[in-house]
Amino acid sequence: RKDLALRLKLNTYQVIRQMQLKAIKELRSYFKDKHQDLFTVLRSVPGIGVLTAILLITELINMQRFETTDQLLNYVGLVPDTYCSGEQKRVGEMTRRGNRRIRSALIESAWMAKRKDSYLQNKFDHLCTRMSKQKVIVKIARILLRRIRHVWRHNEKYQLNTGKITEGTKPIELGKLEAIPVGS
């Protein structure tokens, strides 16, 4: 009896997994057809996989609606909660407002991105001397979102380990962004 129940559960999980894989395959082909350029640009950012790219495209729709990076960070919820009362002002933990799906996907992507990008890894290691890894990874996710915004708005592929973006023949120093587009 236990053996039969176990086999039935395993079969159910296998069917569900096959359905998930089929859905992901269909989503991937849809986004490659409809949003080929944007999909390719987002996938060039370290830590951004197929599902995260799809999530970003479907949830954010149009990056032009965010005039500043701060507006985007607020929308996603990668900002601290603030408490104001009279003359007192306290800054708390990360806000619970914002788009939870994007926020959690970006935090997971930040863990992967720090492994692939030496700048992010160095930043992570440096900040870990002062605060917990969970707080540091949120800071890395903020950097990652800034980079995503830049490559999305300029439709430029991301390239690792440089500090310049070339625009025509004139390189532009970016400091925090540390990205370079590939092609035009």
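Everything discussed here concerns the structure shown above.
Because the structure is a prediction, the values reported are computed rather than measured.

Rules of the game
Residues numbered from 1 in each chain as written. Predicted model: local features only at pLDDT ≥ 70, side-chain atom pairs only at ≥ 80, totals over all residues. Heavy atoms only, no water. Axes fitted to C-alpha atoms, helices over the stretch in contact; angles between N-to-C directions. Helix = DSSP H or I, 4+ residues; strand = E, 2+ residues; numbered from the N terminus. Parallel < 35°, antiparallel > 145°, perpendicular 65-115°, else oblique. Left-handed = near helix turned anticlockwise from the far one by under 90°. Contact = heavy atoms within 4.5 Å. Nonpolar A, V, L, I, M, F, W, Y, C, P; charged D, E, K, R; others polar. Buried < 20%, exposed > 50% of the residue type's maximum accessible area, 1.4 Å probe, protein only. Arc of directions from axis to C-beta. Polar contact = N/O pair within 3.5 Å; in protein donor to acceptor, adjacent residues only side chain to side chain.

**A few points about the packing of helix α2 (residues 36-43) against helix α3 (residues 50-60)**
1) Next: Contact geometry for α2 and α3: axes closest at 9 Å, N-to-C directions at 125°. Regarding the angle of α2 to α3, the classification is oblique. The handedness of the crossing between α2 and α3 is right-handed. Touching L38, F39, L42 and R43 of α2 are V50, A53, I54, L56 and I57, all from α3.
2) Next: Of the residues belonging to the contact of α2 with α3, the class tally is eight nonpolar, no polar and one charged.

**Remarks on helix α6 (residues 118-128)**
1) Next: Regarding α6, the residues found buried are L120, F124 and L127. The buried residues of α6 all sit within an arc of 75° when viewed along its axis, so they share a single face.
2) Next: Contacts made by the buried residues of α6 are with α5 (100-116) and α7 (133-154).
3) Next: Where α6 begins, the side chain of D117 points an oxygen toward the backbone nitrogen of Y119, at a separation of 2.9 Å.

This is a description of form; function is not addressed.
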